[in-house]
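# Fold and contact review
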Amino acid sequence: MIAADRCTGRFAPSPSGPLHFGSLLAALASFVDARARSGRWLVRMEDLDPPREMPGADSLILATLEKHALHWDGTVLYQHSCHARYREILADLSARGLAYRCACSRARLATLGHVYDGYCRTHSPPAGQTCALRLQLPDQVVQFEDRIQGWQQQNLAKGGDCVIHRKDGLFAYQLAVVVDDIDQGVTDIVRGSDILESTGQQIYLGGLLGAGKQQYAHIPVVLGADGLKLSKQNHAPALDDTRPSSNLCRALETLRQNPPGGLDNETPETVLKWAVTHWDITAIPGVNSVTA
């Protein structure tokens with residue numbers, strides 16, 4: 001584990017395609033927030049789901065970050081290199097009675113409205129049956145102050161016990177994101193508001209694993225003209241790397257940082273220097289989404 005002796009932020013894209021504007025917004029916000037406090041900024045590739053990944057996407061993402069002068073500290077962490085660590089954590093949680101095997105099918109989950117009812121807590125699947133692993137969540141309210149969205153209270157039982165290892169053998173995001181943030185010494189998590197609802201679960205799991213206190217800030221997700229979130233799944237267009245300063249200024253405007261006119265004609269380094277000097281996270285709207 002890396003000691004978190006100062007602010008450490010991170011950007012953690014999945015290599016399922018090139019960066020789009022919504023991705024840039026998250027990268028820029030986390031980068032500027034860390035640099036404004038003389039902190040570190042890390043990049044992590046969340047390559048947990050090989051069937052959804054695009055060959056070469058990681059190189060495209062890193063090249064786009066560099067074109068926009070979003071230079072990271074240290075080496076890029078690839079989650080595929082952390083499998084042994086994840087297995088160690090899963091074994092520990094199981095041994096402590098905090099995780100259990102679940103054989104429930106997608107069809108059964110659909111009848112529950114996708115809110116798990118804890119059936120396999122008391123009906124253990126037969127040995128040898130292919131199962132997911134779920135984290136047992138108590139009927140407990142997690143409270144935290146989001147730097148953008150304000151005071152949050154989340155009942156862990158509301159969504160049901162979450163999957164931390166999938167039935168198909170892949171490690172779940174909820175496990176990997178918590179373990180990696182702890183091991184990398186991440187102190188400040190700036191990301192899209194689409195993750196806000198699961199933050200309580202992550203805080204709870206982090207507590208079980210000895211995590212230190214972390215700060216959260218959830219920026220609005222960007223919607224396209226069709227009203228859908230800009231994402232690779234929704235075929236969001238890739239960023240134009242030939243106009244990085246224009247992209248950065250547009251992102252700063254979306255974050256309500258009010259960059260001055262003409263800044264988009266400067267180098268991306270100059271744009272970022274201005275952004276770091278004038279960073280005001282309280283100006284970012286506390287809404288779930290904004291239109292591109």
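Everything numeric in this text was worked out from a predicted model, so none of it was measured.

## Here we look at the packing of helix H3 (residues 83-95) against helix H6 (residues 173-183)
Contact geometry of H3 with H6 gives a least axis separation of 11 Å together with a crossing angle of 105 degrees. One finds that H3 runs roughly perpendicular with respect to H6. Contacts from Arg85, Tyr86, Ile89 and Leu90 in H3 reach Leu175, Ala176, Val179, Asp180 and Asp183 in H6.

## Some points on the layout of surface pockets
Here the second largest pocket defines a volume of roughly 270 Å³. Lining of the second largest pocket is provided by 18 residues; of these, Ile203, Lys213, Gln214, Gln215 and Tyr216 occupy positions nearest its centre. Of all the secondary-structure elements, those providing two or more residues to the lining of the second largest pocket are strand E6 (141-146), H6, helix H7 (199-208) and strand E10 (215-219). In terms of residue count, H7 provides more of the lining of the second largest pocket than any other element does, four residues in total. Across the lining of the second largest pocket, the residue classes tally to seven nonpolar, seven polar and four charged.

## Digging into the pairing of E10
Of all five residues that make up E10, four are buried, and the element is covered over most of its length. Summarising the sheet, strand E9 (residues 188-192) and E10 pair through five bridges and their orientation is parallel. Each residue of the ladder has a partner; that of Ile189, found in E10, is Tyr216. In this view, the connection linking E9 to its parallel neighbour E10 by way of H7 has right-handed handedness.

## Description of the sheet that holds strand E2 (residues 40-45)
The strand order across the open sheet built from three strands is E1-E2-E3, with neighbouring strands paired in parallel fashion. Across the chains shown, the open sheet's two edge strands, defined by having one partner strand only, are strand E1 (8-11) and strand E3 (77-78). Sheet analysis places E1 next to E2, joined by four bridges and oriented parallel. Counterpart to Thr8 in the pairing with E2 is Arg40. Against the sheet, helix H2 (residues 57-67) engages E1, E2 and E3, with an angle of about 160 degrees to E2. Strands in contact with H6 are E1, E2 and E3; relative to E2, the strand with the most contacts, it is inclined by about 145 degrees.

## Describing the nonpolar core
Counting residues in hydrophobic clusters, the biggest one holds 43 residues, and the most contacted among them are Leu28, Trp41, Leu65, Leu70, Ile219, Leu255 and Leu272. At the level of secondary structure, the elements contributing two or more residues to this core comprise helix H1 (21-35), E2, H2, E10, helix H8 (244-254) and helix H9 (268-277). Not counting the four nearest positions on each side in its chain, Leu65 is found in contact with Phe11, Leu19, Ala27, Trp41, Val43, Leu70 and Trp72.

## Quick look at the side chain of His218
Along the chain, His218 turns up in strand E10. Here the side chain of His218 touches Asp146 through a polar contact of 2.6 Å, side chain to side chain. A distance of 3.2 Å separates the side chain of His218 from the side chain of Thr199, its partner in a polar contact. Among residues more than four places away in sequence, those in contact with His218 are Asp146, Ile148, Gln149, Arg191, Gly192, Ser193, Ile195, Leu196 and Thr199.

## Thoughts on the state of the cysteines
Here the structure, examined in full by the defined rule, presents zero disulfides. Looking at the unpaired Cys120, the closest cysteine sulfur is the one in Cys104, lying at 3.7 Å.

## Considering the pairing of strand E7 (residues 150-155)
Two elements, E6 and E7, share six bridges in a ladder whose sense is antiparallel. Across the sheet, residue Glu145 finds its bridge partner in E7, namely Trp151. Between E6 and E7, which pair antiparallel one after the other, the connecting turn spans three residues.

Parameters at a glance
- Residues numbered from 1 in each chain as written.
- Predicted model: local features only at pLDDT ≥ 70, side-chain atom pairs only at ≥ 80, totals over all residues.
- Heavy atoms only, no water.
- Axes fitted to C-alpha atoms, helices over the stretch in contact; angles between N-to-C directions.
- Helix = DSSP H or I, 4+ residues; strand = E, 2+ residues; numbered from the N terminus.
- Parallel < 35°, antiparallel > 145°, perpendicular 65-115°, else oblique.
- Contact = heavy atoms within 4.5 Å.
- 1 Å grid on protein atoms, 1.4 Å probe; cavity = no way out; pocket = protein on both sides within 12 Å on 5 of 7 lines; lining within 4 Å.
- Points joined across faces, edges and corners; volume = space filled by probe spheres on them.
- Nonpolar A, V, L, I, M, F, W, Y, C, P; charged D, E, K, R; others polar.
- Buried < 20%, exposed > 50% of the residue type's maximum accessible area, 1.4 Å probe, protein only.
- Pairing = 2+ DSSP bridges.
- Right-handed = clockwise from strand over helix to strand, strands pointing away.
- Core = buried A, V, L, I, M, F, W, Y, C linked by side-chain atoms within 4.5 Å.
- Polar contact = N/O pair within 3.5 Å; in protein donor to acceptor, adjacent residues only side chain to side chain.
- Disulfide = S-S within 2.5 Å.

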